[in-house]
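Residue-level structure breakdown
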Amino acid sequence: MSEENLFRLRVAYVKQGRLRYLGHLEVLRTIERIVRRAGLPYAVTQGFSPHMKISFTSALPVGTASVCEWYDVYLETYVPARRALASLRKASPADLAPYAAGYVDLRAASLSAALTHAAYRSTLELNDASALAGHLPQGAPSVGRALQILNALKAHGCITYVRGRKNKKMDLVNTLDGAMVTEFVREKDPHSHTESLRAPKPGEIGDLWGLALVTRSSEKGALRPEVLIRAWEKALAFWGQAGNHGLGAEEVVAEILAEPLVVEPYGVFAHYEVTRVSQQMETKDGKLVEPLPRPQDASGR
Amino acid sequence: MRAAYEDLFHLIEPLLQGVEKPSRYIDHEWGALSKPDARFRVCLVYPDTYEVGLPNQGIAILYRILNAQEGISCERGYLPWVDMADAMRSRNIPLLSLEGAAPLASFDVVGFHIPHEMAATNYLETLDLAGIPLLSAERGEDDPIIIAGGPSVYNPEPLAPYIDAFLVGEGEESIVEVARELERSRDEGLPRAERVARLARIAGTYVPSLYEVAYDSEQAPHGHAVPRADSGAPAVVYKRVIADFSATDPIAQSVVPYTELVHDRLSIEVLRGCARGCRFCQAGITYRPVRERSADQIVAAVARGLEQTGYDEVSLTSLSTTDHSQCECVLDRLNERLAGTGISVSIPSQRLDSFDPELAEAVAGGKRGGLTFAVEAGSQRLRDVINKNVTEEDLDRAMRAAFEAGWRRCKLYFMMGLPTETDEDIVGIARLADHVVELAREIVPKDQRGGVSVSISVAVFVPKSHTPFQWCGQLERDEVKRRQQLLLHSVRSRQVRVSYHDADVSLLEAVLSRGGRDIAPLILEAWRRGARFDAWSEQFDLDRWRDAASACGIDLDRVACEPYEIGQHLPWDHVSPGVSPGFLEREYRRAAQAETTPDCTRTSCTGCGICPRLGAENVIEGERK
Ligand code: SF4
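What counts, and where the lines are drawn
Residues numbered from 1 in each chain as written. Chains lettered and ligands numbered in written order. Predicted model: local features only at pLDDT ≥ 70, side-chain atom pairs only at ≥ 80, totals over all residues. Heavy atoms only, no water. pLDDT = per-residue confidence, 0-100. Contact = heavy atoms within 4.5 Å. Core = buried A, V, L, I, M, F, W, Y, C linked by side-chain atoms within 4.5 Å. Buried < 20%, exposed > 50% of the residue type's maximum accessible area, 1.4 Å probe, protein only. Buried area = accessible area lost by both parts, 1.4 Å probe. Salt bridge = Lys/Arg side-chain N within 4 Å of Asp/Glu carboxyl O. Polar contact = N/O pair within 3.5 Å; in protein donor to acceptor, adjacent residues only side chain to side chain. Nonpolar A, V, L, I, M, F, W, Y, C, P; charged D, E, K, R; others polar. Helix = DSSP H or I, 4+ residues; strand = E, 2+ residues; numbered from the N terminus. Expected span 1.5 Å × (residues − 1). Domains from an automatic or database assignment. Pairing = 2+ DSSP bridges. Axes fitted to C-alpha atoms, helices over the stretch in contact; angles between N-to-C directions.

Glancing now at the confidence of the model for chain A. The predicted coordinates should not be examined in detail at positions where pLDDT is low. Residue and element names in this part refer to chain A. Scored by pLDDT, chain A comes out at a mean of 88, with 92% of its residues at no less than 70. Below pLDDT 50 for its whole length, residues 137–141 participates in 5 contacts with residues either more than four positions away or in separate chains. Counting contacts from residues 297–301, a segment whose pLDDT is below 50, to residues more than four positions away or on other chains yields 10 contacts.

It is worth spelling out the nonpolar core at this point. Taken as a class, soluble globular proteins show a tendency for nonpolar side chains to be buried jointly. Of all hydrophobic cores here, the largest spans 174 residues; its most connected members are Leu9, Val35 and Tyr71 of chain A together with Leu316 and Trp545 of chain B. Dropping the residues within four chain positions of it, Trp545 of chain B is found in contact with Thr121, Leu508, Leu522, Ile523, Ala526, Ala531, Asp534, Phe540 and Leu556 of chain B. Residues Leu395, Ala402, Ala433 and Ile456 of chain B belong to the second largest nonpolar core, which totals 40 residues.

This part is about the interface of chain B and chain A. Every contact between the two is made by 31 residues of chain B and, on the other side, 23 residues of chain A. Carbon and sulfur atoms make up 52% of the surface buried where chain B meets chain A, a total of about 2,400 Å² over both sides. On the chain B side of the interface with chain A, the three residues burying the most area are Gln17, Trp30 and Tyr258 of chain B, jointly 27% of the side's total. Seen at the junction of chain B and chain A, the total is 5 salt bridges. Between Glu260 of chain B and Arg29 of chain A there is a salt bridge whose closest N-O contact spans 3.5 Å. For the interface between chain B and chain A, the tally reads 12 residue pairs in polar contact (both at pLDDT 80 or more). Looking at the side of chain B that touches chain A residue by residue, the class counts come to 11 nonpolar, 12 polar and 8 charged.

Quick look at the pattern of salt bridges now. Residues and elements named next belong to chain B. In this structure the tally under the stated criterion is 73 salt bridges over all chains. A salt bridge links Arg546 to Asp557, with the nearest nitrogen and oxygen atoms 3.1 Å apart. Of this pair, Arg546 sits in helix 18 (residues 542–552) while Asp557 sits in helix 19 (residues 556–561); the two residues are 11 residues apart in sequence, bridging distant segments of the chain. The network of salt bridges with common partners includes Arg276, Asp323, Arg351, Asp353, Asp599 and Arg602.

On to helix 9 (residues 295–309) of chain B, then. Residue pairs spaced three or four apart in an α-helix point in one direction, given the helix's 3.6 residues per turn. Helix length check: helix 9 of chain B, at 15 residues, gives a terminal C-alpha distance of 21 Å against a target of 21 Å (1.5 Å per residue), a fit within 8%. For helix 9 of chain B, the complete set of buried residues consists of Ala295, Gln297, Ile298, Val299, Ala301, Val302, Gly305, Leu306 and Thr309 of chain B. Each element contacted by the buried residues of helix 9 of chain B is listed here: helix 1 (24–37) of chain A together with strand 10 (266–269), strand 13 (313–317) and helix 10 (327–338) of chain B. Looking at the residues trailing helix 9 of chain B, positive phi occurs at Gly310 of chain B, about 80°.

Attention now goes to the domain arrangement of chain A. Residue and element names in this part refer to chain A. Along its sequence, chain A is organised into domain 1 (3–108) and domain 2 (117–280). Inter-centroid distance (C-alpha atoms) of domain 1 to domain 2 is 33 Å. On the side of domain 2, 8 residues touch domain 1, which itself brings 14 residues to the contact. When the two sides are added together, the surface that domain 1 and domain 2 hide from each other amounts to roughly 820 Å², 49% of it contributed by carbon and sulfur. Our count for the contact surface shared by domain 1 and domain 2 stands at 2 salt bridges. Between Glu69 and Arg276 there is a salt bridge; the shortest N-O distance is 2.9 Å. Linking domain 1 to domain 2 there are 8 residue pairs in polar contact (both at pLDDT 80 or more).

You'll often see interface size given as the accessible area lost when the parts meet. Split into domains, chain B comes out as domain 1 (2–238) and domain 2 (367–501). Placing the centre of domain 1 of chain B and that of domain 2 of chain B at their C-alpha centroids yields a distance of 39 Å.

Let us now look at the sheet that holds strand 18 (residues 496–500) of chain B. All names here are of chain B. The strand order 15-16-17-18 describes an open sheet built from 4 strands, whose pairing is parallel. On the outer flanks of this sheet lie strand 15 (370–376) and strand 18, each paired with one strand and no other. Averaged over neighbouring strand pairs, the angle between their axes works out to 20° when direction is ignored. In this fold helix 14 (residues 423–443) packs onto strand 15, strand 16 (409–416), strand 17 (453–460) and strand 18, with an angle of close to 175° to the strand it touches most, strand 16.

Residue and element names in this part refer to chain B. Put simply, Arg288 and Pro289 share a cis peptide bond, and its omega is -5°. In this fold, Pro289 is placed in the loop between helix 8 (283–286) and strand 12 (291–292). A positive phi angle, close to 50°, is found at Ala101, a residue other than glycine. Relative accessible area serves as the criterion here: at 2%, Ala101 is assigned to the buried category. A positive phi angle, close to 50°, is found at Phe533, a residue other than glycine.

Before going further, it helps to examine the pairing of strand 12 (residues 269–282) of chain A. All names here are of chain A. In terms of strand pairing, strand 3 (residues 64–75) meets strand 12 through 3 bridges, oriented parallel. By the bridge assignment, Thr64 is partnered in strand 12 with Val274. With 11 bridges joining them, strand 5 (residues 115–126) and strand 12 adopt antiparallel strand pairing. Note on strand 12: the bridge partner recorded for Arg121 is Thr275. The sheet contact formed by strand 12 and strand 13 (residues 288–289) spans 2 bridges and is antiparallel. Bridge assignment links Met281 to a residue of strand 13, and that residue is Val289. The hairpin turn running from strand 12 into strand 13, its antiparallel successor, is 5 residues long, and Gly286 in that turn takes a positive phi close to 80°.

Here it is, written out as structure tokens:
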């Protein structure tokens, strides 16, 4: 079947819950199976080992959740988007469920090339918040210090980190557009066994930090939140050590990045979760838009 | 008190970022069955990692059957890889089932699959991680009942002290009977010992605690098991065989994994059993009689299975798929149906004597990867001894056809240390390999010869119970080493690549295959010294086993290599696939004379005794060639 007669269905899906521990290849394979289970008339490539014509957004690391992943699957016959979405949802585990579908132009740029803007949100559970705060210089609010480190990292320009047996360089100048840290206190309701988060009262120290990252990717690469978070954590841990309190944020960052960063826990965060919360593309006139119109409009072509 | 059945996923979740392949531990796969509310809970455990165990058809079949039972819930368990096991142990986190993330110790029954002998220490590792006493005799009223079954159940003695009851043979019916009996006896409030003993009344169930070890003489070092007086247990437990294979659901799988597996595809068991009669092969005896599914049933099952799972590959599995009387017709129909979908059909390797390049191409989706053939022995005499009915002409014809049709790579499997083997037979292996290279030189165009690769893989023969070679010992290790060197020096062509199975692993496999109940303490001692995942070469260490053996006063080489005498009681006599001892003895004698025995699905019954003993018969859909 010639290319021009195909239909390019764009589907938005989530990756959440336990399934955020899936690796990228595991997600791709699973989605291909979902498409086959859904019985959609997918097109296959030519050649000796024909496979489904489908393409995806950039890889999410193991453990990272998302509410905004996409794929384009090429169909041989037209299926109303609403119906395709319903079949896909039925064939999908809930934690990987699609939530929007619509057709896009066959000549439109590929998702991985077009989606240059991504935002992440992370919640970070502090190991021992009060001890940490005590170690930070001058008893300043820890989030303020944390933000200083983030800014110092950005000013440093890049992070060299260890990946497998190689060292890799992650640029921050062109990839990190903004970062914000907020502090939360966890409140347990003894009666309903539920938890809620609130902002700390004056003088109170938070249990959790919220980190919001606004990022941009180019041919030079994309930002990997887990690398930034571990660098940040290593810097905070280093700053907290006796004798280092007097150092400035820039000095701390220069010190911990003097050697390639090993991406592993440094004791400040007990646990953290990252979610990709938006992926957008830039139009010719510089506006940021989603790859598909909002779900309510996605009724067909 | 029994551990509570509760979801403890939050205990392992923090570990997931730090271990290899976290998707091994997360469940939530497509098609996972589970019942949060059930009166009776079974956890079926594959004694290896998730990705090794998930494709297992035996567990898949029983998982479906049990979950279809009213009031019974069946979950799965796998052994965490060493990184996860160590992390869990150091934090006192017990082993959890997959679906409910509940402690194994909270189930009514834990059922092990027994895939092969080398998993021995993994049962202990599993039980220990689960916090369940390792020895049946030490388990209390609240501990789960530990059952086991699977292809390697035909010498259960080395595992006897650790397993409450073995289910011998096809489990489709007996697993339900056992579960129902245990549910009843639990509800009646019977003591554990009595509940376990009652299982012996169910056909095909071997309850080791009802047997004691007797010795014919001092020459019988391992003894043999006999029922205790008044136990009511049968002297011989015969395997179960299901009444009607064609009435079972051909789609065993329900779960579609996320983790990448070696065999990541839909499997349809198209036939059960093989009657070729290779004398070294245990499966060739223990899966009899031969029963084929009809072409219509297979084709319909493939379509339905693909729809349910979304796989892009389907494998038609069995011990010998091309023996199916309608194999070609099934493949034609499937290839026609699946054209243009990107979905491929595969079959396990073809046989040399019936190799068909067109068929090979059809199942490879037009790709010409490597071909593999089991030749097993280097001379016609020795192939007659083992009843491997392939000839040098078969090899010649198949390889010519393959090279002409464009194949360039092949791998030939052989065994070393077969009964009556001489140096001539070893040199014969080299000669066959050289001959294949010569064929390639003759047929393959010059500019493509670089792509030609001929490799031979040589395993050490391990004598197995209930085969005509069950009396034989394994070849001594030094002699194995010498013959390996002889083979290496006999190969002339530099294009032949020779690889061996590790002789150390084969030695241990022989010990675990041939020993009696006396071997059980060795397994425990080896596990205490750190042995686990012995089937993984990176984890296996013979020295650990040697140390354990000397601590137990066991001579590994002697257990592996000392032959049994005909007429002696054997440690596995009391657990039988139904084969008559006289048949095995006759086959053994025919082997010594290099006399072959035909395939009973192609000629007439050759008298193995299995059909009359089990009240079953071969079911062949068409005419076998
Ligand atoms: S009893 Fe006869 S027909 Fe049945 S499997 Fe044995 S040899 Fe074949």
